[in-house]
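Structural overview
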Amino acid sequence: MAGDAAAAVLAMSDDTIAGELHTRFATHLFRVYTNPDVIGCEVAGALKNVMAIASGMADGLGTGDNTRAAVITRGLGELTRLGVAMGGQAITFSGLAGMGDLVATCISSQSRNRYVGEQLGRGRAIGEIIDEMSMVAEGVKTAAVVMELAEQYGVEMPIAEQVYAVLNEGRTAEEAYRGLLGRAYRHELPGFVSGG
């Protein structure tokens, strides 16, 4: 609407309808992609809000760009693992509905979820933050559902777990980040075998 170039994903399993809607929405400044992976797009769209709270907490703690990049990257891994376990396609999470939306939500000054995290990182209470907001930060309620789904599907989600603990169990943002750094060493790539 501001006249800048933008892109979006239209998730729909029916290619005919998706193609028709694509032609209705796309303009020379608004690029519309279609994706038949409705589950993957939906999961990515919901979980990125929880990761944005984690990213905002890093900002509120003043940790810097390196920490934010790590949260976004490892957060993408978490939402991809859960999304695939729920039936989504891994490739969806590297596209606009996954990485694109995650980055935008985690770094934008207009992101409500990042704002909540930033305020938590500055030591404010969640109730106080929510009471002053006129709009909803979806990640606040989504965090509990994410933890239920992670348990149901047997997926480890340490960042989401720490966000949940800050929102619901009285943990501070600083304690959450110390908890993440205290995790056991592991390879970045699951199933990686060195020396082969």
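Residues numbered from 1 in each chain as written. Predicted model: local features only at pLDDT ≥ 70, side-chain atom pairs only at ≥ 80, totals over all residues. Heavy atoms only, no water.

1. Some details on the overall build of the chain
Heads up, the condition is: Here a strand is any run of E in DSSP of at least two residues, a helix any run of H or I of at least four, and the numbering for each starts at the N terminus. Between the two quantities, the radius of gyration covers C-alpha atoms and the globule rule is 2.2 Å times the number of residues to the power 0.38. Between buried and exposed lies partly exposed: a residue is buried under 20% and exposed over 50% of the maximum accessible area for its type, with that area taken using a 1.4 Å probe on protein chains only. Contact between two residues is taken to exist if any of their heavy atoms lie within 4.5 Å; hydrogens are not considered. Here the Shrake-Rupley method, with its probe set to 1.4 Å, supplies the accessible areas, and only the displayed protein chains count as covering residues. Neither His nor the chain ends contribute to the count of charged residues, in which Lys and Arg are positive and Asp and Glu negative. A charged residue contributes its charge at one atom only: NZ of Lys, CZ of Arg, CG of Asp or CD of Glu.
Across its full length, the chain holds nine helices and two strands. Taking 16 Å as the expected radius of gyration for a compact globule of 196 residues, we find that the chain reaches 18 Å, a close match to that expectation. Seen through its C-alpha atoms, the chain measures out along the principal axes to roughly 50 × 50 × 30 Å. Buried positions account for 38% of the 196 residues belonging to the chain. Across the chain, the fraction of contacts at a sequence separation of at least 24, relative to all contacts at a separation of at least 6, is 67%. For the chain, the accessible surface area stands at approximately 11100 Å², while carbon and sulfur atoms represent 54% of it. For the chain, the distance from the average site of its 15 positive side-chain charges to the average site of its 23 negative ones is 4 Å.

2. Remarks on the nonpolar core
The condition that has to hold: Buried Ala, Val, Leu, Ile, Met, Phe, Trp, Tyr and Cys residues that are joined via side-chain atoms within 4.5 Å together make up what is termed a nonpolar core.
By size, the foremost hydrophobic cluster in this structure holds 40 residues, and its most contacted members are Met-51, Leu-79, Val-116, Leu-120, Met-157, Val-163 and Leu-167. When residues of this core are traced back to their parent elements, those giving at least two are α2 (38-61), α3 (65-85), α4 (96-107), α5 (112-121), α6 (126-132), α7 (139-153), α8 (158-168) and α9 (173-181). In terms of residue count, the dominant contributor to this core is α2 (10 residues). Once you skip the residues sitting within four places of it in the chain, Met-51 turns out to touch Val-71, Gly-75, Glu-78, Leu-79, Leu-102, Cys-106, Met-157, Ile-159 and Ala-160.

3. Quick notes on the environment of Ala-7
Mapped onto the elements of the fold, Ala-7 is located in strand β1 (residues 6-11). The exposure class of Ala-7 is partly exposed, given its relative accessible area of 40%. Excluding its chain neighbours within four sequence positions, the residues that come into contact with Ala-7 are Phe-30, Arg-31, Tyr-33 and Leu-96.

4. Structural notes on the pattern of salt bridges
Filter applied, for reference: The working definition used for a salt bridge is a side-chain nitrogen of Lys or Arg within 4 Å of a carboxyl oxygen of Asp or Glu.
A complete count under the given rule lists 11 salt bridges for this structure. Between Arg-114 and Asp-59 there is a salt bridge, and its shortest N-O distance comes to 3.4 Å. In this pair, Arg-114 is assigned in helix α5 and Asp-59 in helix α2, connecting sequence segments 55 residues apart. A relative accessible area of 8% places Arg-114 in the buried class. With a shortest N-O distance of 2.8 Å, Arg-112 and Glu-138 are connected by a salt bridge. Here Glu-138 lies in the loop between α6 and α7 and Arg-112 lies in helix α5, a separation of 26 residues in the sequence. Given a relative accessible area of 27%, Arg-112 falls into the partly exposed group. Linked through salt bridges whose partners overlap, the residues forming this network are Asp-59, Asp-65, Arg-68, Arg-114, Glu-118 and Arg-122.

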